[in-house]
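# Inside the fold
In case you want the letters, here they are:
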Amino acid sequence: MEKVFITNRPSQTRKLGAVFAKEVLGRRDFSVGGGKRAIVIGLAGDLGSGKTTFLQGFARGLGIKEKILSPTFVLMKKFPINRERFFYHMDCYRIQKPKDILALNFKEIVADHRNVIVIEWADLIKKILPRGSVWIKFEFINNTKRKIAVLK
Ligand code: ADP
Ligand code: MG
């Protein structure tokens, strides 16, 4: 499945993220292994293409109040969604090799079906992303316009 969206300002990208978050939370077919493992969403696209902006809306859609920042020097940040579910925001921009992510207990986090994991610069760890991950590709069209394609 591929769905393509065009947004014309940052608030539209955030809104799309929020709507998408609500949708994936309720759907087993968005998880790895048909509901047996985590929801893994890889974001790809150049610097400034809107990945973090989308994530800010996505976290809001999960009910997270904390503001999502670009974790420039932080590889991974964990946020509670509710008493038993967690949202993980990862950014692979600065990793040297995919193995660096495994050192963060990536496999264990993916194994837990309650987790929601979103990874910026996921193309840099394509090798270790589980089959069944969702891909979202961001493209810069002009100053205010972005193309956002969701593939699953
Ligand atoms: P990335 O995480 O991909 O590097 P960011 O979300 O941090 O990108 O930055 C996107 C930048 O582009 C922000 O400064 C944002 O205000 C701007 N922008 C302009 N139009 C849009 C749009 N339609 N969607 C998302 N961001 C936009
Ligand atoms: Mg970013």
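Up top is the structure.
Below or above, wherever it landed, is the structure these notes cover. (Residues numbered from 1 in each chain as written. Chains lettered and ligands numbered in written order. Predicted model: local features only at pLDDT ≥ 70, side-chain atom pairs only at ≥ 80, totals over all residues. Heavy atoms only, no water.)

## Comments concerning unusual backbone geometry
- The phi angle at asparagine 105 is positive, at roughly 65°, despite the residue not being glycine.
- In this structure, asparagine 105 sits in the loop between α3 (99-102) and α4 (106-111).
- Taking the relative accessible area as the measure of exposure, asparagine 105 reaches 44% and is therefore partly exposed.
- For tryptophan 121, which is not a glycine, the phi torsion comes out positive at approximately 60°.
- Along the polypeptide, tryptophan 121 turns up in the loop between β5 (116-120) and β6 (134-140). (Helix = DSSP H or I, 4+ residues; strand = E, 2+ residues; numbered from the N terminus. Buried < 20%, exposed > 50% of the residue type's maximum accessible area, 1.4 Å probe, protein only.)

## What about helix α1 (residues 10-25)?
- For α1, with 16 residues, the first-to-last C-alpha span of 23 Å sits near the 22 Å given by 1.5 Å per residue.
- Along α1, the residues classified as buried are Thr13, Leu16, Gly17, Ala18, Phe20, Ala21 and Val24. (Expected span 1.5 Å × (residues − 1).)

## Digging into the packing of aromatic side chains
- Tallying each qualifying case throughout the model produces 8 aromatic pairs.
- Aromatic pair phenylalanine 79 and phenylalanine 87: ring centres 5.7 Å apart, planes at 25°, arrangement stacked. Across the pair, exposure class does not vary: phenylalanine 79 and phenylalanine 87 are buried alike.
- Between tyrosine 93 and tryptophan 121, the aromatic rings sit 4.8 Å apart at their centres with planes inclined by 35°, giving tilted as the arrangement. Of this pair, tyrosine 93 sits in the loop between β4 (86-91) and α3 while tryptophan 121 sits in the loop between β5 and β6, placing them 28 residues apart in sequence.
- By relative accessible area, tryptophan 121 is classed as buried at 14%.
- Each residue in the set Phe20, Phe30, Phe54, Phe58, Phe79, Phe87 and Phe138 is aromatic and connected to the rest through ring pairs, giving one cluster.
- The ring of phenylalanine 86 has lysine 78 sitting right over it, with the charged end atom 4.3 Å from the ring centre.
- The positively charged end of lysine 126 is found above the aromatic ring belonging to tryptophan 135, 6.0 Å away from the centroid. (Phe/Tyr/Trp six-rings, centres within 6.5 Å; stacked < 30°, edge-to-face > 60°. Lys NZ or Arg CZ within 6 Å of the ring centre and 35° of its normal.)

## Quick look at the pairing of β5
- Burial runs high along β5: 5 of the 5 residues are buried.
- Pairing between strand β2 (residues 39-44) and β5: 5 bridges, direction parallel. Opposite isoleucine 41, over in β5, you have valine 118 as the bridge partner.
- Relative to β5, β4 runs parallel, the two sharing 5 bridges. Following the sheet pairing, aspartate 91 is matched in β5 by glutamate 120. (Pairing = 2+ DSSP bridges.)

## Looking at the coordination of the magnesium ion (ligand 2)
- With distances of 2.1 to 2.3 Å, the protein atoms coordinating the magnesium ion (ligand 2) are Thr52 (OG1) and Glu120 (OE). Taken together, the positions of threonine 52 in helix α2 (residues 51-61) and glutamate 120 in strand β5 put the pair 68 residues apart, joining distant regions of the chain. Just as threonine 52 is buried, glutamate 120 falls in that class too. (Donors = N, O, S within 2.8 Å, 3.2 Å for Na, K, Ca; no water.)

## Re the nonpolar core
- Ranked by size, the top nonpolar core spans 25 residues in total, and within it Phe20, Ile41, Phe58, Phe87 and Ile136 carry the most contacts.
- Mapped by element, the contributors of at least two residues to this core are α1, β2, α2, β5, β6 and β7 (146-151).
- When sequence neighbours within four positions are dropped, the list of residues in contact with isoleucine 41 reads Phe20, Phe58, Ile117, Val118, Ile119, Val134 and Ile136.
- Counting residues in hydrophobic clusters, the runner-up holds 19 residues, among them Val32, Ala44, Ile95 and Leu129. (Core = buried A, V, L, I, M, F, W, Y, C linked by side-chain atoms within 4.5 Å. Contact = heavy atoms within 4.5 Å.)

## Focus: the sheet that holds strand β3 (residues 76-80)
- If you trace the 7 strands from one edge of the open sheet to the other, you get β1-β7-β6-β2-β5-β4-β3, paired in mixed fashion. Each of the sheet's edge strands pairs with one partner strand only, and the pair in question is β1 (2-7) and β3. Ignoring strand direction, the axes of neighbouring strands in this sheet form an average angle of 15°.
- Examined bridge by bridge, β1 and β7 share 6 bridges and lie antiparallel to one another. Its bridge partner lying in β7, phenylalanine 5 is registered against isoleucine 148.
- The strands touched by α1 are β1, β2, β5, β6 and β7; relative to β1, the strand with the most contacts, the crossing angle is about 150°.
- Packing of α2 onto the sheet brings it into contact with β2, β4, β5 and β6, and relative to β5 it is tilted by some 165°. (Axes fitted to C-alpha atoms, helices over the stretch in contact; angles between N-to-C directions.)

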